[in-house]
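Coordinates in review
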Amino acid sequence: MLIPRREVLAGACAAGAAGLLAGTRDDAATADGPHQSSEAIDSFTFVHLTDQHVTHRRHAPEGYRQCIASINARKQAPDFVLMGGDMVFDGCYTAKEDYANQIRLFKEITSELKCPWRPCLGNHDVLGWGAREKVARTDPDYGKNMILKSLELKEPYYSFDHKGWHFVVLDSAYPAEGDNRISQEPRLGAAQLEWLGYDLGAAGDRPKIAVVHVAAFCNVGQIEGDPKRLAMDGSMVLWDTKELRKILERHNVRLLLQGHSHRVEDTFWNNVWYVTSAGASGAWWAGSWTGSDPGYTVVRCAGDRVCWTHETFRWEPRLDPQDAVERQRIAEQQAERIEQLRLRDLEQASRQAR
Ligand SMILES: [Fe+2]
């Protein structure tokens, strides 16, 4: 039987999930308490749902349905769901027919949401653009064409307004032209950054929230204690974080929602919160990924303030017969949790004995 992760890390989760105001801290448990009166009138919640990696494998459709049901069952219904990218399992190294089936499955299950939703592209939502691509560059669906058409999106980045807040959806899948093929780089690029500055400028003093797939901040090296891991390692962090953050800082953006790493992580810098949500798929529907269970983030906007909680949903991984690596990883996670419990009990007993 699996030991619930919460039993080990409840303290850490509670601290990580504390309600966070712009520049100050509040208690998420009291988010519906002290913010009454005028703020309650225009307050609303929405869900940041990222890295679903919808596939037919590993019983992922059942897992994603559980996730959607969990959002639908929330006591305070979200006004909308803001996707964070990697909605489908993969198009970069997957055959076109399989990729098309993943998009169909993603749309079919997502349509069970009781609230509207807005898409955001991730690196795996692109068809091709890499050394392992299985589609011809001349194919009309190559790159972002099929996903944009399927989701009825004119552009891969856009903005919208909701109840006095301005929202921006960014696209971190940047096409780098090579000799014979396109490869993908995790950055926004000069044209999008210029658009962003003017879009945020046009929104004036309204409070703002942005979403992007690849994070502006992701501290994998520090978390894993790996001195050889570069802070800008080429895949986990945007290459134009500095340019992006300067735009966010000068336009009253409160929060940048991030995905890609499948790890819950919150960073505050120059009055902007950078919040990474868990992957809804966890370890691609094979359990937790480096400590983050499958989940999503609920964001509450009240007045011009924002707070959030990282939420999980019930899902036991159900692996395919060939998933030996994933079985091994889950066994190692279990062993680590048991060791954590043993050490905690040992250290608590020592304290009581003093
Ligand atoms: Fe990703």
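Further up the page is the structure itself.
Residues numbered from 1 in each chain as written. Predicted model: local features only at pLDDT ≥ 70, side-chain atom pairs only at ≥ 80, totals over all residues.

Locating Leu196 in the fold gives a position in helix 6 (residues 190–202). Of the residues examined, Leu196 has 22 C-beta atoms within 10 Å and is grouped as buried. Excluding anything up to four places from it in sequence, Leu196 contacts Val168 and Ile247. (Helix = DSSP H or I, 4+ residues; strand = E, 2+ residues; numbered from the N terminus. Buried ≥ 20, exposed ≤ 12 C-beta atoms within 10 Å, placed from the backbone. Contact = placed C-beta atoms within 7 Å.)

Since the α-helix turns once every 3.6 residues, residues separated by three or four places project in the same direction. Listed in full, the buried residues belonging to helix 8 (residues 241–250) are Thr241, Leu244, Ile247 and Leu248. Each buried residue of helix 8 sits inside an arc of 135 degrees when the element is viewed along its axis, so together they form one side. Relative to its buried face, helix 8 has exposed residues pointing more than 90 degrees away, namely Lys242 and Arg250. Considering only its buried residues, helix 8 is in contact with helix 6, strand 10 (208–214), strand 11 (253–259) and strand 13 (272–276). (Arc of directions from axis to C-beta.)

Tracing the backbone through its elements, the reader meets Ser172 in the loop between strand 7 (165–169) and strand 8 (173–177). With 30 C-beta atoms counted inside 10 Å, the residue Ser172 sits in the buried group. Sequence separation of Ser172 and Pro156 is 16 residues, and the distance between their C-alpha atoms is 9.3 Å. Contacts of Ser172, omitting those with residues within four sequence positions, involve Pro186, Arg187, Leu188, Val212, His213, Val214 and Leu238.

So, about the sheet that holds strand 6 (residues 158–162). Reading across the sheet, the six strands line up as 6-7-10-11-13-12 and stay open at both edges, with mixed pairing between neighbours. Taken across any chain shown, the strands that pair with only one partner, and hence form the sheet edges, are strand 6 and strand 12 (265–269). In this sheet, neighbouring strand axes are inclined to one another by 20 degrees on average, regardless of whether the strands run parallel or antiparallel. In this sheet, strand 13 lies alongside strand 11 in parallel orientation, the contact comprising four bridges. Counted as the bridge partner of Leu255 is Trp273 from strand 13. Across the face of the sheet, helix 6 comes into contact with strand 6, strand 7, strand 10 and strand 11 while running at roughly 170 degrees to strand 7. Each of strand 10, strand 11, strand 12 and strand 13 touches helix 8; the most contacted strand, strand 13, lies at about 125 degrees to it. (Pairing = 2+ DSSP bridges. Axes fitted to C-alpha atoms, helices over the stretch in contact; angles between N-to-C directions.)

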